[in-house]
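Structural overview for review
One-letter residues, chain by chain:
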Amino acid sequence: MWALTALLLLVPRSGQAATLEKPILSLHPPWTTIFKGERVTLKCDGYHPLLLELWPISTLWYLGHLLLPSHKKSIEVQTPGVYRCQTRGAPVSDPIHLSVSNDWLILQVPYAPVFEGEPLVLRCRGWYDKVVYKLHYYHDGQAVRYFHSSANYTVLQARASDSGRYQCSGTMRIPVESAPLFSAKVAVTVQELFRAPVLRVMGPREARGAALGGVVLRCDTRLHPQKRDTPLQFAFYKYSRAVRRFDWGAEYTVPEPEVEELESYWCEAATATRSVRKRSPWVQLPGPGSPLDPASTTAPAPWAAALAPGNRPLSFRKPPVSRSVPSVTSVPNTTSTGLQFPASGAPTAGPPACAPPTPLEQSAGALKPDVDLLLREMQLLKGLLSRVVLELKEPQALPELRGTPETPTSHFAVSPGTPETTPVES
């Protein structure tokens, strides 16, 4: 009866296997490549039953798909292959690849994954710790560091660009100095600590403690599962100016007067030591049909008009001024009292209905109407400048423009299709 009760205590409760985390497998010393004949220690840390004396099998060891006979928390191995371990009621651990070499020179890299901002240590080791001279380290075929004798190559703060294939070379005295020896190439991958952040607009239900009339922005990112306890800080910017420097909060409230320039905001996420910093794109405005879309709500928020003025997205620059053609009024002591446009060339909100499109208008037909209007204004300005240049070069050819302010002056019309201007008698 007592033995049966002990066995029931050792069996995990329903759902416990899903809640327990997989054990952590470690290697000592922490190098994945060793020389033939050397031994290393593997240690499995995880959940273990309390009544080990009644059921001693608490840890399972695997070499590939082969179950090893040992059930201890740590074992010594010298056979190459892929090792895993498993504790009672928990999933299988992450693998460790062990390589065994018979070369004169090996390049040793750590077994544990290296994340952004962490040091990356590489060790070029001679046969059974013989001293290596004229030591070179290579990254993707390019020499990156030279040492006179044996030394480790360390990248203090690893980046994604430090990933690649590494190799080392050097000479050894066996007993006289040998020719340059090269190790096998080893692949190294620097893991991403967290994703690049995304700045988004929060809905009224998601925002907490937002000021009335303001908009709450949130800087979202995701940490690697093995580094989910790493604290991050966030900063917010408007154009290139910091509106809130690094702090632990991932939210920022945009004041109501600045809501019209919402698309000029972006954020930055970083570790506490600033060893890893990543910036977001410009703020992502709500799409059509989303809860934040002004068109999908019956009672839009006060900042709804700023999100979609005229059903068009905002620009990254400040709101542009109106592009309508201003009227030119009479100014004393000037040679013209105003501008008159012919009926067929008067600027309108869209393209002309009767005038045939020019090649420039055909090439820009897919552009917005504002761009077409801007082209017309440029043609108008070109005509005015041509008129001024003609007057300066040939003042005698324009006697009607040299009258006094009391005499009636002539108006001139500008044709969008020609750079020259044609005088029209008043």
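Summary of the structure given here. These numbers were taken from a predicted model, which means no experiment stands behind them. (Residues numbered from 1 in each chain as written. Predicted model: local features only at pLDDT ≥ 70, side-chain atom pairs only at ≥ 80, totals over all residues. Heavy atoms only, no water.)

1. Brief notes about the overall build of the protein chain
The following threshold applies: For helices the rule is a DSSP run of H or I covering at least 4 residues; for strands it is a run of E covering at least 2, with both sets numbered from the N terminus onward. Partly exposed describes any residue whose relative accessible area lies between the buried limit of under 20% and the exposed limit of over 50%, with all areas from a 1.4 Å probe on protein chains only and scaled to the type maximum. Residues count as neighbours in contact if any of their non-hydrogen atoms are within 4.5 Å of one another. Note on areas: Shrake-Rupley with a 1.4 Å probe; residue coverage comes only from the protein chains shown.
Scanning the protein chain from N- to C-terminus turns up five helices and 27 strands. The 426 residues of the protein chain split such that 34% are buried. Summarising the internal contacts of the protein chain: among those between residues at least 6 apart in sequence, 58% fall at separations of at least 24. Summed over all atoms, the accessible surface of the protein chain reaches about 26100 Å², with 59% contributed by carbon and sulfur.

2. Here's the deal with the pairing of strand β7 (residues 81–87)
Test applied: Whether two strands pair comes down to DSSP finding at least two bridges between them.
Bridging between strand β4 (residues 59–63) and β7 involves five bridges; their strand directions are antiparallel. The partner of Trp-61 across the bridge, within β7, is Cys-85. Pairing geometry for β7 and strand β8 (residues 96–101), over three bridges, is antiparallel. Counterpart to Val-82 in the pairing with β8 is His-97.

3. Considering unusual backbone geometry
For residues besides glycine, phi is generally negative; the peptide bonds are generally trans as well. Cis geometry is adopted by the peptide bond preceding Pro-29, which originates at His-28 and carries an omega value of -10 degrees. For the peptide bond that leads from Ile-174 to Pro-175, omega is -10 degrees, which places it in the cis range. Tracing the backbone shows Pro-175 in the loop between β15 (164–171) and β16 (181–182). Unusually for a residue other than glycine, Asp-140 sits at a positive phi of about 55 degrees. Inspection of the secondary structure assignment puts Asp-140 in the loop between β12 (133–139) and β13 (142–149). With a phi angle near 55 degrees, Tyr-239 is a residue other than glycine that sits in the positive phi range. Its place among the elements puts Tyr-239 in the loop between β21 (232–238) and β22 (241–247). What makes Tyr-239 partly exposed here is its relative accessible area of 25%.

4. So, the environment of Val-109
Its place among the elements puts Val-109 in the loop between β9 (105–108) and β10 (114–115). Assessed through its relative accessible area of 7%, Val-109 is described here as buried. Expressed as a C-alpha distance, the spacing of Val-109 and Arg-123, which sit 14 residues apart in the sequence, is 6.6 Å. Contacts of Val-109, omitting those with residues within four sequence positions, involve Pro-30, Trp-31, Thr-32, Val-121, Leu-122, Val-186 and Val-188.

5. Describing the environment of Thr-189
You can see Thr-189 is positioned in the loop between β17 (186–188) and β18 (190–191). With 24 residues separating them along the chain, Thr-189 and Arg-165 place their C-alpha atoms 8.8 Å apart. Every residue in contact with Thr-189, bar those within four places of it in the chain, is listed here: Val-114 and Ser-163.

6. What about the pattern of salt bridges?
Which entries qualify depends on this criterion: By definition here, a salt bridge exists when the distance from a side-chain nitrogen of Lys or Arg to a carboxyl oxygen of Asp or Glu is within 4 Å.
Evaluation of the coordinates by the stated rule reveals 16 salt bridges. Between Arg-123 and Asp-129 there is a salt bridge; the shortest N-O distance is 3.7 Å. Owing to a relative accessible area of 25%, Arg-123 belongs among the partly exposed residues under this scheme. The partner of Arg-277 in a salt bridge is Glu-268, and the shortest N-O contact between them spans 3.1 Å. According to the relative accessible area criterion, Arg-277 is partly exposed, its value standing at 44%. The class for Glu-268 is buried, based on a relative accessible area of 11%. Put simply, Glu-38, Arg-123, Arg-125 and Asp-129 are held in one network by salt bridges that share partners.

7. What to know about the state of the cysteines
The criterion, for reference: Note on disulfides: each one is a pair of cysteine sulfur atoms within 2.5 Å.
Enumeration over the complete set of coordinates arrives at three disulfides. The side chain of Cys-44 participates in a disulfide bridge whose partner is Cys-85; the two sulfur atoms lie 2.1 Å from each other. Between Cys-44 and Cys-85, the disulfide has an S-S torsion of 75 degrees and is therefore right-handed. Remark: Cys-85 occurs in strand β7 and Cys-44 occurs in strand β3 (residues 40–45); sequence separation between them is 41 residues. Considered together, Cys-44 and Cys-85 belong to a single accessibility category, that of buried residues. Residue Cys-219 pairs covalently with Cys-267 via a disulfide, S to S 2.1 Å. Here Cys-219 and Cys-267 share a disulfide; its torsion about the S-S bond, 70 degrees, makes the bridge right-handed.

8. Concerning the sheet that holds β22
Rule in force here: Here the axes come from fitting lines to C-alpha atoms, over the contacting stretch only for helices, and the angles between their N-to-C directions go from 0 to 180 degrees.
Strand order in this open sheet of four strands is β22-β21-β24-β25, and the pairing throughout is antiparallel. Of all strands in the sheet, those with a lone pairing partner are β22 and β25 (277–279), marking the two edges. Within the sheet, the average angular offset between the axes of one strand and its neighbour, ignoring direction, is 15 degrees. Here β21 runs beside β22; their pairing, made up of four bridges, is antiparallel. When the sheet's bridge partners are listed, Lys-238 is paired in β22 with Arg-241.

9. With respect to the packing of aromatic side chains
Note the following rule: Two rings from Phe, Tyr or Trp (for Trp, the six-membered ring) form a pair when their centres sit within 6.5 Å of each other. Planes less than 30 degrees apart are called stacked, planes more than 60 degrees apart edge-to-face, and all others tilted. Both a distance and an angle decide whether a charge sits over a ring: NZ of Lys or CZ of Arg must be within 6 Å of the ring centre and within 35 degrees of the ring normal.
Per the counting criterion, the structure on display carries ten aromatic pairs. Taking the centre distance of 5.9 Å and the plane angle of 20 degrees together, the rings of Phe-35 and Tyr-128 count as stacked. Highlighted residues: Phe-35 in strand β2 (residues 33–35) and Tyr-128 in the loop between β11 (120–126) and β12, separated in sequence by 93 residues. Residue Tyr-128 is classed as partly exposed on the basis of its relative accessible area, which comes to 41%. Both rings, one in Tyr-237 and one in Trp-266, keep their centres 4.2 Å apart while their planes meet at 10 degrees; by these two values the pair is stacked. On the criterion of sequence distance, the pair formed by Tyr-237 in strand β21 and Trp-266 in strand β24 (residues 265–271) is long-range, its members being 29 residues apart. A relative accessible area of 12% means that Tyr-237 is categorised as buried. On the accessibility criterion, Trp-266 (10% relative accessible area) is buried. Through a chain of ring-to-ring contacts, three or more aromatic side chains come together here, namely Phe-35, Trp-104, Trp-127 and Tyr-128. Positioned above the aromatic ring of Tyr-133, the side-chain terminus of Arg-173 is 4.1 Å from the ring centre. The aromatic ring of Trp-266 is capped on one face by Arg-279, whose charged end is 3.7 Å from the ring centroid.

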